[in-house]
Amino acid sequence: MIKNQFKHVAIIMDGNGRWAKSHHHRRTFGHKRGVEVVREIAIRANDLGIQVLTLYAFSTENWKRPLEEVNYLMKLPFYFFEKYLAELMEKNIRIQMIGEMDGIPEDTARVFKKAIEKTSVNTGMILCFAMNYGAQAEIVRGVNRAIVDAKAGKIDHVDTTTFQNYLYTKDYPPLDCMIRTSGEMRISNFLLYQLAYAELLFVDVPWPEFTPDVFEAALQQLSHRDRRFGGIKNG
Ligand code: FPP
């Protein structure tokens, strides 16, 4: 196993549909396989000592997909937690969610809340699902919350550091890196504020084929990047 240096890693899990189609299956088959990959990657990330793994599970734009696929995606948390919640407890992993919980179907929100509550006693890695998440909406929500605090006299301004307290990720370490699978080179409204100094890696492997070893190789590759955060080396 590699020596990991990252605290917060994010992944855009892309390519489920194309992978399924290329194997002559329906797109939903790819999502189902994708859930198994979530388990495998979460366990390896926890073993590597990553503190937060944020996975893009459903974007605010994914509602545009056919209803059948949206319904299927909303059922995945049931399947995942039913099958793996006991194992996540055993591994000391905490489940959390970022995004608009209010906008997702009530029963899906309920299984998430149950998993979040049950695993809240754990002290290991946070497995954070971005569900009904869009970064522009997150920023606008933050601005509105800051306005409320300003009107209440709690703050008179925000700066780039204090504004982070108004984001979903306020309690997480800064984002170190973001990996997107399946070859597309886009950010797709994911963690726009948090990505400012994160290292990006786009891999061709589709999510259903993204194994723990491919994940480790990706982290290894990212660990060779020279992170200067806008400064200069030895500056
Ligand atoms: C993108 O692939 C993937 C998604 C929209 C869904 C990702 C969700 C999971 C892998 C499982 C989440 C698990 C839980 C427990 C919530 P795509 O369908 O856009 O692929 P394509 O680009 O090939 O069409």
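In the block above lies the structure referred to throughout.
Now for a look at the structure at hand. (Residues numbered from 1 in each chain as written. Predicted model: local features only at pLDDT ≥ 70, side-chain atom pairs only at ≥ 80, totals over all residues. Heavy atoms only, no water.)

## Section: the site of the ligand
Then comes step 1: The local shell around the ligand holds 19 residues, among which Met13, Asp14, Arg18, Arg27 and Arg65 are the closest.
Then comes step 2: Here an oxygen atom of the ligand and a backbone polar atom of Gly17 are 3.1 Å apart.
Then comes step 3: Measuring from an oxygen atom of the ligand, one finds a side-chain N or O atom of Arg27 at 2.8 Å.
Then comes step 4: Isolated, the ligand exposes 630 Å² of accessible area, and the fraction of that covered by the protein chains is 93%.
Then comes step 5: Breaking the shell around the ligand down by element, the ones donating at least two residues are helix 1 (16–22), helix 2 (27–47) and helix 3 (67–90). (Near = heavy atom within 4 Å. Polar contact = N/O pair within 3.5 Å; in protein donor to acceptor, adjacent residues only side chain to side chain. Areas by Shrake-Rupley, 256 points an atom, 1.4 Å probe, with all protein chains shown as cover. Helix = DSSP H or I, 4+ residues; strand = E, 2+ residues; numbered from the N terminus.)

## Points about the packing of aromatic side chains
Then comes step 1: Across all of its chains, the model carries 17 aromatic pairs by this definition.
Then comes step 2: Between Phe80 and Phe81, the aromatic rings sit 5.2 Å apart at their centres with planes inclined by 70 degrees, giving edge-to-face as the arrangement.
Then comes step 3: Residue class for Phe81 comes out buried when judged on its relative accessible area of 7%. (Phe/Tyr/Trp six-rings, centres within 6.5 Å; stacked < 30°, edge-to-face > 60°. Buried < 20%, exposed > 50% of the residue type's maximum accessible area, 1.4 Å probe, protein only.)

## Re the state of the cysteines
Then comes step 1: A complete count under the given rule lists zero disulfides for this structure.
Then comes step 2: Cys177 supplies the cysteine sulfur nearest to Cys128, a cysteine that is in no disulfide, at a spacing of 15 Å.
Then comes step 3: Of the residues examined, Cys128 reaches a relative accessible area of 0% and is grouped as buried.
Then comes step 4: Among the residues examined, Cys177 registers a relative accessible area of 0% and is labelled buried. (Disulfide = S-S within 2.5 Å.)

## Focus on the nonpolar core
Then comes step 1: Ile11, Leu53, Leu127 and Phe215 are the most contacted members of the largest nonpolar core, which totals 48 residues.
Then comes step 2: No other element matches the nine residues that helix 3 contributes to this core.
Then comes step 3: With 18 residues, the next largest nonpolar core counts Ala10, Ile12, Tyr56 and Ala135 among its residues. (Core = buried A, V, L, I, M, F, W, Y, C linked by side-chain atoms within 4.5 Å.)

## Details of the packing of helix 2 against helix 3
Helices that pack against each other are described as a pair by the angle of their axes relative to one another and the distance between those axes.
Then comes step 1: Between helix 2 and helix 3, the shortest axis-to-axis distance is 10 Å and the interhelical angle comes to 35 degrees. Every pair of crossing elements has a handedness; the one defined by helix 2 and helix 3 is right-handed. Taken together, the residues of helix 3 that come into contact with helix 2 (itself represented by Arg27, Thr28, His31, Lys32, Val35, Glu36, Val38, Arg39 and Ile43) are Glu69, Tyr72, Leu73, Leu76, Tyr79, Phe80, Lys83, Tyr84 and Glu87.
Then comes step 2: In the contact of helix 2 with helix 3, the residues fall into nine nonpolar, two polar and seven charged. (Axes fitted to C-alpha atoms, helices over the stretch in contact; angles between N-to-C directions. Left-handed = near helix turned anticlockwise from the far one by under 90°. Contact = heavy atoms within 4.5 Å. Nonpolar A, V, L, I, M, F, W, Y, C, P; charged D, E, K, R; others polar.)

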